[in-house]
Amino acid sequence: MSDFDFHQEIADLLSSIPYFAHVDSHTLSAIARSAIRRNYQADQVVLLEGEPSSGLFVVQEGWLKSVKTSLEGREQVLRIVGPGDVFNAIGALASSTNPGTVIALEPATLWILQPETFLRLLEEHTDLAWMIIQALAERVQRLMSQVEDLSLRSVEARLARLLLEEATGETFVRRRWDTQAEMAARLGTVLDVLNRALRRLAADGIIKVERHRILILDQERLADIADLDV
């Protein structure tokens, strides 16, 4: 693929992301010429917590997780990102160290905008700056909700919420990398506790666990457990 094709590829990707919806095509082309393309394999570390920030990352292909890790090696997943998502805005804005570790869950293709490029864009495009501010505010709200869940809700309630929020219709499809160990890390628990919660919900006729998906059999009862309106 030629340099022109690569630049057009990232320009097309950026134009499809709400962050950059109001950025003109000339500016997008300039951004594309300065963007760096990186490919990662499954389980490869993209960002390491505490290291200097590498800039703003845009996901073209693949899924990744942002995590905090305890001294004992236990992971708490903070966020899952996939195609079209943007991450590490805080590190790029603050010109500081990475706030968390990001790991590829499967082969992934990312584009990196250098911090100086990102900051210049914010100065030149107020619409983009407001989009970033709004996205960061929403991210803070999600983190506050996550803290509330971890502190005040049982594993069973957190599991019910995850299933309802990420299901398509009445089916929660598990991607190849979405093992029960990964689900446990997302819910802030350990595998044995998650398995017990799944078995209880299944025994009560609320869900049915299959190899690559979980079927929601009783959405109202699951919502009661999650304390959500449906």
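Refer to the preceding data block for the structure.
Residues numbered from 1 in each chain as written. Predicted model: local features only at pLDDT ≥ 70, side-chain atom pairs only at ≥ 80, totals over all residues. Heavy atoms only, no water.

(A) Quick look at the overall build of the chain. Scanning the chain from N- to C-terminus turns up 9 helices and 11 strands. Over its C-alpha atoms the chain spans a radius of gyration of 19 Å, differing by no more than 12% from the 17 Å that the globule rule assigns to 230 residues. Here the chain holds 230 residues, and 45% of them are scored as buried. Sequence-distant contacts, at least 24 apart, represent 71% of the contacts inside the chain between residues at least 6 apart. Accessible surface, the chain: about 12300 Å² in total, of which carbon and sulfur atoms supply 51%. (Helix = DSSP H or I, 4+ residues; strand = E, 2+ residues; numbered from the N terminus. Rg over C-alpha atoms; globule rule 2.2 N^0.38 Å. Buried < 20%, exposed > 50% of the residue type's maximum accessible area, 1.4 Å probe, protein only. Contact = heavy atoms within 4.5 Å. Areas by Shrake-Rupley, 256 points an atom, 1.4 Å probe, with all protein chains shown as cover.)

(B) Local environment of the pattern of salt bridges. Throughout the structure, instances matching the rule amount to 11 salt bridges. Among the salt bridges present, the one from Asp-178 reaches Arg-186, with a minimum N-O distance of 3.8 Å. Salt bridges linked by common partners bring Lys-65, Glu-75 and Glu-182 together as one network. (Salt bridge = Lys/Arg side-chain N within 4 Å of Asp/Glu carboxyl O.)

(C) Region of interest: the packing of aromatic side chains. Scanning the model with the defined rule gives 2 aromatic pairs in all. Between Phe-57 and Phe-87 the ring centres are 5.0 Å apart and the planes differ by 15°, which places this aromatic pair in the stacked class. Taken together, the residues Phe-57 in strand E3 (residues 56-61) and Phe-87 in strand E6 (residues 86-87) connect sequence positions 30 residues apart. Taking the relative accessible area as the measure of exposure, Phe-57 reaches 1% and is therefore buried. Residues Trp-63 and Trp-177 carry aromatic rings whose centres are separated by 6.3 Å and whose planes lie at 40° to one another, so their mutual orientation is tilted. Taken as a pair, Trp-63 in the loop between E3 and strand E4 (64-69) and Trp-177 in the loop between strand E9 (171-173) and helix H7 (180-187) lie far apart in primary sequence, 114 residues in all. According to the relative accessible area criterion, Trp-63 is partly exposed, its value standing at 21%. Sitting above the plane of the Trp-63 ring, Arg-175 keeps its charged end 3.8 Å from the centroid. (Phe/Tyr/Trp six-rings, centres within 6.5 Å; stacked < 30°, edge-to-face > 60°. Lys NZ or Arg CZ within 6 Å of the ring centre and 35° of its normal.)

(D) Representation of the sheet that holds E4 within the structure. The 4 strands lie next to each other as E2-E7-E4-E5, forming an open sheet whose pairing is antiparallel. The sheet is open, and its two edges are formed by strand E2 (45-47) and strand E5 (75-81), each paired on a single side. The mean angle between the axes of side-by-side strands here comes to 35°, regardless of whether they run parallel or antiparallel. Of the pairings in the sheet, the one linking E4 to E5 comprises 6 bridges and is antiparallel in character. The residue bridging Leu-64 from the neighbouring strand is Val-81, located in E5. The strands that H7 touches are E4 and E5; relative to E5, the one it contacts most, it runs at about 100°. (Pairing = 2+ DSSP bridges. Axes fitted to C-alpha atoms, helices over the stretch in contact; angles between N-to-C directions.)

(E) The arrangement of the sheet that holds strand E8 (residues 108-113) in detail. Taking strand neighbours across the sheet as the criterion, the 4 strands line up as E1-E8-E3-E6 in an open arrangement whose pairing is antiparallel. The strands lining the two open edges of the sheet, one partner per strand, are strand E1 (36-40) and E6. Both E3 and E6 contribute to a ladder of 2 bridges, which runs antiparallel. For Phe-57, the partnering residue across the bridge sits in E6 and is Phe-87.

(F) Spatial organisation of the nonpolar core. Counting 26 residues, the largest nonpolar core has Tyr-19, Phe-20, Leu-56 and Leu-128 as its most contacted members. Secondary structure elements with two or more residues in this core: helix H1 (3-15), helix H2 (25-34), E3, helix H3 (89-94), E8, helix H4 (115-124) and helix H5 (126-152). Leaving out residues up to four positions away in the same chain, Leu-56 has contacts with Phe-20, Val-86, Phe-87, Asn-88, Ala-89, Ala-92, Trp-111, Ile-112, Leu-113 and Phe-118. Judged by nonpolar contacts, the second largest core, of 22 residues, contains Leu-159, Ile-206, Ile-207 and Ala-226. (Core = buried A, V, L, I, M, F, W, Y, C linked by side-chain atoms within 4.5 Å.)

(G) Inspection of unusual backbone geometry at higher detail. A positive phi angle is found at Asp-43, which is not glycine, with a value near 75°. As for its placement among the helices and strands, Asp-43 is situated in the loop between E1 and E2. For Asp-43, a relative accessible area of 64% gives the class exposed. A positive phi angle, close to 75°, is found at Asn-88, a residue other than glycine.

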